[in-house]
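# Topology and contacts: notes
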Amino acid sequence: MGSHLCERLIKDGYTVDVIDDLSTGRASNLQALQGSPRFSLTEGSILNSELLHSLIERSDYVFHLAAAVGVFNIVNNPLESLMTNIRGTENVLESAHKSGKPVFITSSSEVYGKNISNSLKESDDRILGSPITLRWSYSEAKAIDESLAYAYFIEKDLETRIVRFFNTVGPRQLGAYGMVVPRFVKAALANEPITIFGNGDQTRCFAHVHDVVEAVIAIAFSRESIGKVINVGNNVEISINELAKKIISETGSKSSIVYMPYEEAYGHGFEDMERRVPNIDLIKELVDWAPKRNLSTIISDISAEMKKES
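The present account deals with the structure reproduced in this document. The residue count restarts for each chain, going from 1 along the sequence in the order it is written. Side-chain atom pairs in this predicted model are given and counted only at pLDDT of 80 or more, local residue features only at pLDDT of at least 70, and totals for whole chains, interfaces and linings cover all residues. Computation of side-chain values: all heavy atoms of the structure, hydrogens and water removed.

### Notes on helix 7 (residues 209-220)
The condition is simple: To qualify as a helix, a DSSP run of H or I must reach at least 4 residues; to qualify as a strand, a run of E must reach at least 2; elements of each kind are numbered from the N terminus. Working rule for helices: expected span equals 1.5 Å times residues minus one. To sort residues, take the accessible area from a 1.4 Å probe on protein chains only and compare it with the maximum for the residue type: under 20% means buried, over 50% means exposed, and anything in between is partly exposed.
For helix 7, built from 12 residues, the straight-helix expectation of 16 Å at 1.5 Å per residue is met to within 8% by its first-to-last C-alpha distance of 16 Å. Where burial is concerned, most of helix 7 is hidden: nine out of the 12 residues are buried.

### Describing the nonpolar core
Rules: Nonpolar cores are built from buried Ala, Val, Leu, Ile, Met, Phe, Trp, Tyr and Cys residues. Side-chain atoms within 4.5 Å join them into one set. Note on contacts: a residue pair qualifies if any of its non-hydrogen atoms lie within 4.5 Å across the two residues.
Counting 30 residues, the largest nonpolar core has Cys6, Val16, Phe39, Phe104, Ile219, Val232 and Ile283 as its most contacted members. Among the elements of the structure, helix 1 (2-11), strand 1 (16-20), strand 5 (160-165), helix 7, strand 10 (229-232) and helix 10 (281-287) are those that each provide at least two residues to this core. Residue contributions to this core peak at eight residues, all from helix 7. If near-sequence neighbours (up to four positions away) are discounted, Phe39 is found in contact with Cys6, Ile10, Val16, Val18, Leu30, Leu33 and Gln34. Counting 21 residues, the second-largest nonpolar core is a separate cluster that includes Val169, Phe184, Ile298 and Met306.

### Re the packing of aromatic side chains
To be explicit about the condition: Any Phe, Tyr or Trp ring, taking Trp's six-membered ring, that has another such ring centre within 6.5 Å forms a pair; planes under 30 degrees apart are called stacked, those over 60 apart edge-to-face, and the others tilted.
For the coordinates displayed, the defined rule picks out seven aromatic pairs. Between Tyr61 and Phe63 the ring centres are 4.8 Å apart and the planes differ by 35°, which places this aromatic pair in the tilted class. Given a relative accessible area of 19%, Tyr61 falls into the buried group. Centroid distance Tyr150 to Phe153: 6.0 Å. Interplanar angle 40°. Geometry classified as tilted. Note that Tyr150 and Phe153 are positioned in helix 5 (residues 137-156) at a spacing of three residues, about one turn of the helix. Members of the aromatic cluster, each reached through a chain of ring pairs, are Tyr14, Tyr61, Phe63, Phe104 and Phe221.

### Looking at the pattern of salt bridges
What counts here: For salt bridges, the criterion is a side-chain nitrogen of Lys or Arg within 4 Å of an Asp or Glu carboxyl oxygen.
Evaluated as defined, the whole model comprises 18 salt bridges. Residues Glu94 and Lys98 are paired through a salt bridge, measuring 3.4 Å at the closest nitrogen-oxygen approach. Of the two residues, Glu94 and Lys98 are both situated in helix 4 (residues 78-99); the distance of four residues between them amounts to about one turn of the helix. Arg164 serves as the salt-bridge partner of Glu146, at 2.8 Å between the closest nitrogen and oxygen. With a gap of 18 residues between them, Glu146 in helix 5 and Arg164 in strand 5 connect regions that are remote in the sequence. Like Arg164, Glu146 is buried.

### Some words on the sheet that holds strand 10
Operational definition: The pairing criterion is simple: DSSP has to find at least two bridges between the two strands. The convention used is that axes are lines fitted to C-alpha atoms, helices contributing only their stretch in contact, and that angles between N-to-C directions extend from 0 to 180 degrees.
Judged by pairing direction, the sheet is parallel, and its four strands sit side by side in the order 3-4-5-10 without closing on themselves. Single-partner strands in this sheet number two, and they are strand 3 (62-64) and strand 10. Neighbour-to-neighbour, the strand axes of the sheet open up by a mean angle of 25°, direction not taken into account. Sheet topology places strand 3 next to strand 4 (residues 103-108); three bridges connect them, and they run parallel. Considered in strand 4, the bridge of Val62 is made with Val103.

### Details of a nonpolar patch on the surface
Our working definition: To count toward a patch, a residue needs a relative accessible area over 30% and no salt bridge; like charges are then connected within 9 Å, while nonpolar side chains (Val, Leu, Ile, Met, Phe, Trp, Tyr) are connected within 5 Å. A 1.4 Å probe and the Shrake-Rupley method give the accessible areas. Residues count as covered only by the protein chains that appear here.
Nonpolar side chains collect at one region of the surface, where Leu47, Leu79 and Met83 lie side by side and expose about 260 Å² of accessible area between them. Inspection of the secondary structure assignment puts Leu47 in the loop between strand 2 (39-43) and helix 2 (49-57). The partly exposed category is assigned to Leu47, whose relative accessible area is 37%.

### Observations concerning unusual backbone geometry
Phi is positive for Leu22, which is not a glycine, with a value near 60°. Tracing the chain through its elements places Leu22 in the loop between strand 1 and strand 2. Here Asp288, not a glycine, exhibits a phi torsion of approximately 60°, which is positive.

### Things to note about the packing of helix 2 against helix 4
The cut-off we apply is this: For classification, angles of less than 35 degrees are called roughly parallel, those exceeding 145 degrees roughly antiparallel, those between 65 and 115 degrees roughly perpendicular, and all remaining angles oblique. By convention the crossing between two helices is left-handed if the near helix lies anticlockwise of the far one by an angle smaller than a right angle, and right-handed if it lies clockwise.
Viewed as axis vectors pointing N to C, helix 2 and helix 4 meet at an angle of 40°, and their least axial separation amounts to 9 Å. Put simply, helix 2 runs oblique to helix 4. Note that helix 2 runs across helix 4; the crossing there is right-handed. Between helix 2 and helix 4, the contacting residues are Ser49, Leu52, His53, Ile56 and Glu57 on the first element and Asn91, Val92, Ser95, Ala96, Lys98 and Ser99 on the second.

Put into structure tokens, the structure is as follows:
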């Protein structure tokens, strides 16, 4: 997500400074921007408040995308993930307030937890499992991030915008941390078995990263979006079983489909949600955005990128 947004901002004439510890990303994603006088990459963490403040202080606008992401990462490194996602956001908001800079906060559909509404609105209730079920710690952290940002908006007049992403996918995304589409595509291209966790009846909605970047730009520079929380995603739903079949078909793969129990994949007590479908009426109303690219385009673009890298 970050590299695609950087490319778009540079294309639009902005100067971009990035801070990234590269824990779940790759510097090679930014290869197209290397050498640009309007781009710089600082390898570091948002937990380093002094370094972070030095970068925010010289900026005009802050996009906060940094987070510990991916189900495998959250379950296997819960404390590190919580610290990055909560304390890191505290640092960003505190520095932005001191410097008087607008902040764009990226949250997640994970905040809805186990709410299986067929059209999740921004005001809908959160339904979560036990706090000692580590799978929900990411949801808790993102909800705290949102509350912190909203409190800064209400109490400190900090210009904030919050978006909740619903399964953003596309080129450059790694499957290593549990992201299902690149994981399936990589297996399909190698004609290796595609492993589905659970029974595959769970459904998801997938949005192309290029569509999401368009949404981010529209929201970030609209006066109508200040102080609001906005869903960003595609509302076309597909089961994980059908996703695997579609990827096999569209890549011409000979892969088989195998199933792995959640406990074997993630450990004892893991919980998943049956479905997660965004209501995207608000973003349409505020900035006239709707997704343009379908799942076939997503699969094609990811496949092309992986073939190029192999």
